Amino acid sequence: MSAEALKKRKAKVLRAEGVTPEVKRGRGEGDAQVTELWGDVLLILPGRRDPPTLLSILYEEMELERRDPEQDYKQYKQTCESLASLMGEIQELKAAGAKEGCTEVEKRRLQSCIHFMNLKKLNRLAHIRLKKGRDQTHDAKQKVDVLHLQLQNLLYEVMHLQKEISKCLEFKSKHEEIDLVSETEFYQEAPEEISRPLLTKEDPHQLTLARLDWELEQRKRLAEKYSESQTTKEKIAKSIEVKKEHLGSLQPGLNAIMQASLPVQQYLSMPFEQTQKQTEVARHLPPALYVLFVQAKAYGQACDKNLSVSISGDVDEAKALSKPPEDSQDDESDSDAEEEQEKTKRRRPTTGCQLDDKRREMLKRHPLSLCLDLKCKDGSVLHLYFYHLINLNILTVKTKVAPATDLSTAVSAGELLNAETLLSCLYSGDLGQETPNPANRYQFDKVGIVTFADHVGELGHPYVWVQDLGGLYFPGEAPQGVRVGSALSASHMEATMKLLRGRVQSRLALHKQFTSLEHSIVPIAAESQHLFPAKVISRLARWTTIAHQDYMDLSFTKHVTGAGLAKEADLFFMAVLERGTARLQAAVVLSPRYPEVSPLFSLCLSWKGEHSGSTDDNLRAMESEVNVFKSELQGPRPGHQLLTNQLARLCVCLDVYLETDGEDNSVEGPREFPREKMCLRTVRGPNRLKPFKYNHPQGFFSHR
Amino acid sequence: MARCVETASPILMHHLLHMSVFSQSFSPCGKFLAAGNNYGEIALFSLSAALGPDANELSQKPILTFTAHEGPVFSLLSTDSHLLSAGNGEISAWSWAELIKKCLCALPPSLRSSLEIPEINAMALNPADNSLAVGGGDNNVHIMDLENGAFKSVLQGHTDYIHCLSVRERASEVLSGGEDGAVRIWDTRTSQCVHCVEVYKYETCARPQHGKWISCLTTDSDWMLCGGGPSLSLWHLRSMSPTSVFPLSGCQRQATFYQDMILTVGEGQCVSHCLMGGEVKAQIPCTPHSINTLAINTNSTEHRVLTVGGSSDHIDVFTNLSYKAFSLRF
């Protein structure tokens, strides 16, 4: 408390009374004190420097050099202490009640003034010293900066040099990429002037240079050789060209000779040219068709002059087809399938058309097809067109009949020469609807073909015999001495050709017969006249074709359909025989293999009620008379008159049936059908059958 | 089945389609059944195989088929050692031990010279004097001695062919029914006709819309069963009068007494069970549309079956009288 109060007091003192008394007193005291005072002022206001002050400054500076800062500090401490003690004394005096201006106090005030002076001087000195120190530090700093700059420059230079060095070290010479001969080889082969072993053995650099030299030398030599070869090659090419030109000039001449020889060939009936062309084309046939071609041709030459073979289709397309390898096909289809699955997920609407494309691809035919023309004796021709389905590896056939004479159109005969059914069941059970290759089933599943039968109309029928003719063997249920290729084809050729011809002839014969049947005339050939009595009263009233389903729906054919004898492939007819009020319906199943398989009749008689083969033993006997005992009705081989003879016999049997019926009912007056046929006995056996068998020369009827 | 049909030749199929079974006979041992058809074939079926526990389709087919005659086999008969078959005007005997071997061929003398060889419709065995009665197309009944194969006597009197025969052993009488509508009773010792019953003249049994022929005839002690054109009727032989008439629509072809019933077959697809009183008890359906023959195997208790054949290649077998068990097939 007392110290703070003291400081305040002192400051007050300095302000209030310090300056003026000091200035007064300064004028009153010596020069030294004055200069000291001025020095103070000058230091405070540096702008105005008078020479004397400058002098005093210089002086003080010089003084400074002599003085020790330590000592100054001590002096300052002492001064401060003595000033403090003087202040204390003054205060004590004042407190003791000393008056203003008393000597004691004055004395002390003087002393303290001196101390102040001293302090001022010390202060100045301290300032000067500070300034000096600052200057010195500044100078030193300047020096350090210069040095630092130098150092930076040097460091940069070092770095640059290092970079350059590393660049040099990393430099790749071109020669490293050049394949050089091995060192040992080099020393062995290179001449002395290049290898310079003395120099290079020591120095790897020189060695490399030498090796490079050697390489260059060698390359030069090879280049020379290359150009030499090039020129010889050109020379040879030129000579070849010349020779080719020469050969080319020969061609037109040869052609002319060939052309000239054609009439000669024709005249001598040696169709070399044509056969040559055909064999040329045949080279592009698929294997199966080729086998068929060769075998059919061979058979035609050897046994059957009326068989001709020709190839039709686009040869260029076939050539193009034979080029691409087929091995990738499977993988492709696999990946395709996957792709397809993906696609079906993504976009549904397009899959239908994609599948269509795939189906079309699957059922693709080979561009070449084989045409067999089978001439029959009467001049009608059976055209057979054989096709090969590339992806299914089966053969199909399409047929066409060209009859010799213009056939009048019988309605019921429409189906007879239908290309679709003409050749069905050529061999038993061979309908040609399903593909005989078991592998096709899986291929169909992939592209969603339900059955081959849907495509038969477009592609032709894949009958088993067609595969046999083409030498294609598919293991089926009946393995019979597995033969493949030509052997298989050859073994079937003759029989099949005969069957084909027989089929056409029988169909043509039927066609003719149907025309007259439709006019209610049963044509009987002269050879068969003896089978029937002269007078037959029952007449054929109607002959129509009926559908399979209609046949199945008939009530009196149940036993036939039940036994599975009415198949889709068969033809169905309805004959109506009439005599008086009696009307006999005969439903006929005509097998495509007619006449080998005889027609099957089922009877239904409307007379005195409805009777059928199953309810009336006599009608059953009539059925068996035409169906079972047909061998005598066949006429001359191959039995084309069978159907008409059966119908004629049916008429005779109906006569017998009607005339011998109910003979003991004499009470009923005149009979509708008077007995005209001569019968030994009207009934016989436990089931009382009527005599349906006609005995030719004697002309009577008897029992079987 | 469909496969099987397809592979069979169509000619064979037509053959089967028009086959009729006319006669049957069981072997003396009762294990085999011989059946004759309209093509003159005799087929031998093994009943023991067909009735056995491991019977299959194949065991219903004949174990042996052979052609015995030219014409249909209308009658078959078994003696102790032989199978007798009657064809067109000839009788053949086949040893049961070796069936293929034909032992004896006999032709009734009067049948040989006519324009058409008459058929033999019925044979009946008379064990009393080991003789065979044969009746057929020549309107006569011939008695043959089986010892030496000679024809002992001819019973003449019918005006049309003979359908059926029956032997009354105790009275040493032979009954015959024919197309002329008469049932004649013959005394074998004198070869004379004892009685002649013209069934179609009795109003109760006459059916003029069908005709007058008698096609089935069988006897049991004093009772006679006959039918055909006239209705099937039961006669009391001592009084010579019909006691009951059976209301069956078709013409009957064979009838037999069985226990206290009468089994009868004919036109119509069924076996009729009749009671003596004249009621039809049941009509059991079977395969053929009209039935020619019915046989009960009494030779073996083990294989006691009723077999029925007619206008079909099937012979229906009844192990129980009330339903068809299976069919034997040609």
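No experiment lies behind these values; they were computed from the predicted model shown.

Caption draft 1: Local environment of the overall build of chain B. For chain B, the count of helices and strands is three helices and 28 strands. Among the 330 residues that make up chain B, the fraction classed as buried is 60%. The contacts in chain B between residues at least 6 apart in sequence include a share of 43% that link residues at least 24 apart. Carbon and sulfur atoms make up 50% of the accessible area of chain B, which amounts to about 13200 Å² in all.

Caption draft 2: Focus on the overall build of chain A. Along chain A, the regular secondary structure elements total 22 helices and 12 strands. Of all 704 residues assigned to chain A, the portion counted as buried reaches 37%. The contacts in chain A between residues at least 6 apart in sequence include a share of 64% that link residues at least 24 apart. Carbon and sulfur atoms provide 57% of the accessible area of chain A, an area that totals close to 42500 Å².

Caption draft 3: Quick peek at the side chain of Ser624(A). When you line up the elements, Ser624(A) lands in helix α21 (residues 617-627). By relative accessible area, which is 8% here, Ser624(A) ends up buried. Discounting residues that sit within four places of it in the chain, Ser624(A) has contacts with Phe629(A) and His18(B).

Caption draft 4: Structural context of the confidence of the model for chain B. Residues and elements named next belong to chain B. With 93% of its residues at a pLDDT of 70 or more, chain B has an overall mean of 86. Below a pLDDT of 50 lies the segment residues 1-7, which in the model reaches five contacts outside its immediate sequence neighbourhood of four places, other chains included. Interface predicted TM-score (ipTM) for the complex: 0.89; the corresponding pTM is 0.67.

Caption draft 5: Structural view of the packing of aromatic side chains. Residue and element names in this part refer to chain A. For the structure on display, the rule yields 14 aromatic pairs over all chains. Both rings, one in tyrosine 551 and one in phenylalanine 572, keep their centres 4.8 Å apart while their planes meet at 35°; by these two values the pair is tilted. Here tyrosine 551 is found in helix α19 (residues 548-553), whereas its partner phenylalanine 572 is found in strand β6 (residues 571-579), with 21 residues between them in sequence. Like tyrosine 551, the residue phenylalanine 572 is buried in the burial classification.

Caption draft 6: Spotlight on the sheet that holds strand β11 (residues 693-695) of chain A. Residues and elements named next belong to chain A. The three strands are arranged β10-β12-β11 in an open sheet whose pairing can be described as mixed. Taken across any chain shown, the strands that pair with only one partner, and hence form the sheet edges, are β10 (678-679) and β11. Bridge count between β11 and strand β12 (residues 700-702): three bridges; the pairing is antiparallel. What sits directly across from lysine 693, in β12, is serine 702.

Caption draft 7: Looking closely at the interface of chain B and chain A. Each partner contributes to the interface: chain B provides 36 residues, whereas chain A provides 35 residues. With both sides pooled, the region where chain B packs onto chain A buries about 3000 Å², and carbon together with sulfur makes up 54% of that total. It is His14(B), His18(B) and Glu116(B) in chain B that bury the most area against chain A; as a group they hold 24% of the surface buried on that side. Joining chain B to chain A, the criterion identifies four salt bridges. Note that Arg253(B) is salt-bridged to Asp617(A), the shortest N-O span being 2.7 Å. At the boundary of chain B and chain A, one finds 15 residue pairs in polar contact (both at pLDDT 80 or more). Of all elements in the fold, only α1 (2-7) and α2 (10-17) of chain B reach the threshold of two or more residues within the side of chain B that touches chain A. Broken down by element, the side of chain B that touches chain A gets its largest block of residues, six residues, from α2(B).

Caption draft 8: Quick look at the pattern of salt bridges. Residues and elements named next belong to chain A. Taken as a whole and assessed by the stated rule, the structure comprises 34 salt bridges over all chains. The shortest N-O distance in the salt bridge between glutamate 63 and arginine 67 comes to 3.4 Å. Accessibility expressed as a relative area gives 22% for arginine 67, which makes it partly exposed. Between aspartate 445 and arginine 441 there is a salt bridge, and its shortest N-O distance comes to 3.6 Å. Taken together, the residues span about one helical turn, with aspartate 445 and arginine 441 both in helix α15 (residues 439-447) at a distance of four residues. A relative accessible area of 31% places arginine 441 in the partly exposed class.

Caption draft 9: Highlighting a nonpolar patch on the surface. All names here are of chain A. Together, Leu247, Leu250, Leu254 and Ile257 make up an exposed nonpolar region whose accessible area comes to about 410 Å². With respect to the helices and strands, the residue leucine 254 is situated in helix α9 (residues 204-267). Classification of leucine 254 as partly exposed rests on a relative accessible area of 49%.

Caption draft 10: A look at unusual backbone geometry. The omega torsion across Tyr594(A) and Pro595(A) is 5°, close enough to zero to call that bond cis. Its place among the elements puts Pro595(A) in the loop between β7 (582-590) and β8 (600-606). One non-glycine residue with positive phi stands out, namely Asn139(B), at about 70°. Backbone geometry places Ser191(B), a non-glycine residue, at a positive phi of 60°. Tracing the backbone shows Ser191(B) in the loop between β15 (182-187) and β16 (192-198).

Caption draft 11: The arrangement of the sheet that holds strand β18 (residues 223-228) of chain B in detail. Residue and element names in this part refer to chain B. The four strands are arranged β17-β18-β19-β20 in an open sheet whose pairing can be described as antiparallel. Single-partner strands in this sheet number two, and they are β17 (214-220) and β20 (241-245). Taken over all neighbouring pairs, the strand axes of this sheet differ in orientation by 25° on average, direction set aside. Bridging between β18 and strand β19 (residues 233-236) involves four bridges; their strand directions are antiparallel.

Caption draft 12: Local environment of the environment of Ala210(A). Residue and element names in this part refer to chain A. Within the element layout of this structure, alanine 210 appears in helix α9. Of the residues examined, alanine 210 reaches a relative accessible area of 0% and is grouped as buried. As a C-alpha pair, alanine 210 and isoleucine 194 span 16 residues in sequence and 5.9 Å in three-dimensional space.

Caption draft 13: Highlighting the packing of helix α4 (residues 69-96) of chain A against helix α5 (residues 103-170) of chain A. Residue and element names in this part refer to chain A. Two numbers describe how α4 lies on α5: the axes approach to 9 Å, and their chain directions differ by 155°. The orientation of α4 relative to α5 falls into the category roughly antiparallel. In terms of crossing hand, the pair formed by α4 and α5 is left-handed. Its residues assigned to classes, the contact of α4 with α5 comprises 13 nonpolar, seven polar and seven charged.

What counts as what
Residues numbered from 1 in each chain as written. Chains lettered and ligands numbered in written order. Predicted model: local features only at pLDDT ≥ 70, side-chain atom pairs only at ≥ 80, totals over all residues. Heavy atoms only, no water. Helix = DSSP H or I, 4+ residues; strand = E, 2+ residues; numbered from the N terminus. Buried < 20%, exposed > 50% of the residue type's maximum accessible area, 1.4 Å probe, protein only. Contact = heavy atoms within 4.5 Å. Areas by Shrake-Rupley, 256 points an atom, 1.4 Å probe, with all protein chains shown as cover. pLDDT = per-residue confidence, 0-100. Phe/Tyr/Trp six-rings, centres within 6.5 Å; stacked < 30°, edge-to-face > 60°. Pairing = 2+ DSSP bridges. Buried area = accessible area lost by both parts, 1.4 Å probe. Salt bridge = Lys/Arg side-chain N within 4 Å of Asp/Glu carboxyl O. Polar contact = N/O pair within 3.5 Å; in protein donor to acceptor, adjacent residues only side chain to side chain. Patch = residues over 30% accessible without salt bridge, like charges linked within 9 Å, V, L, I, M, F, W, Y side chains within 5 Å. Axes fitted to C-alpha atoms, helices over the stretch in contact; angles between N-to-C directions. Parallel < 35°, antiparallel > 145°, perpendicular 65-115°, else oblique. Left-handed = near helix turned anticlockwise from the far one by under 90°. Nonpolar A, V, L, I, M, F, W, Y, C, P; charged D, E, K, R; others polar.

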